[in-house]
Amino acid sequence: MHDPSPILCDGCGRPASPEHIARRLQRLEWATRYRPIHLHTLLLGAVSPTRDEEFFYSPGETHTGEAAHFFAAAGIATQNKSAEAIHSEFQRRGLFLTHVLECPLDSVAAGAASELAAIEARLSALFTRVRRSLKPKRLALISGSLSALIPKFGAAQLGCELVLDEGRAYALDNSNAVEQAYTVSRLHGAIAVPAAR
């Protein structure tokens, strides 16, 4: 008997189990709820974080890692606010966050070379999504690993301004806490827009 073709995930392009698809759909539902109608700045990371509390649009009350950095970069105070209120404020500012690989990489796919190859394999689909669906005014690259791909973003004719950190991607994924704090501060200055009234 012949095995059916594996289902490919639309978020990462890899063969996916039912559990992978279910997790992808859950995260997609969380994010889509807060997608602005008029997208001012699209924040683009390389790979979605593994843990839900680090996933920006998680409805949990505690956000750590990547998610906490984005709230700081957007200048959104989180103390004594529900996750819904915080996400709504981010949305009102015309900000939206997504990743080239919208699913976390598993241990089999981990490694810098395979991560970059997986990201490059998804660029065409990403560029189509940016041009046809998201249509931001500005695109800020926020993972250091995307710096090597800047020429491809520049040549893609995305119809939006590319926002960079002195010619590089904003490396919010930098493991050095001091450098990361400086990067968050610079990104805050670059994406600061008045909240919609």
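So, a few notes on the structure that sits alongside this text. Remember, predicted model here, so these are calculated numbers, not experimental data.

Calculation notes
Residues numbered from 1 in each chain as written. Predicted model: local features only at pLDDT ≥ 70, side-chain atom pairs only at ≥ 80, totals over all residues. Heavy atoms only, no water. Pairing = 2+ DSSP bridges. Helix = DSSP H or I, 4+ residues; strand = E, 2+ residues; numbered from the N terminus. Axes fitted to C-alpha atoms, helices over the stretch in contact; angles between N-to-C directions. Buried < 20%, exposed > 50% of the residue type's maximum accessible area, 1.4 Å probe, protein only.

Taken in spatial order, the four strands line up as S2-S1-S3-S4 in an open sheet, and their pairing is parallel. The open sheet has two free edges, formed respectively by strand S2 (95-101) and strand S4 (161-163), since each of these has just one partner strand. The sheet shows a mean angle of 30° between the axes of neighbouring strands, taken without regard to direction. Of the pairings in the sheet, the one linking strand S3 (residues 138-141) to S4 comprises three bridges and is parallel in character. Pairing of Arg-138 across the sheet is with Glu-161, part of S4.

In summary, the side chains of a regular strand alternate between the two faces of the sheet. The buried count for strand S1 (residues 41-47) comes to seven of seven residues, which makes it a mostly enclosed element. Of the strand pairs in this sheet, S1 and S2 are connected by six bridges, and their pairing is parallel. When the bridges of S2 are listed, Gly-45 appears paired with His-99. Where S1 meets S3, four bridges bridge the pair, whose relative direction is parallel. Looking across to S3, one finds that Thr-41 is bridged to Arg-138.

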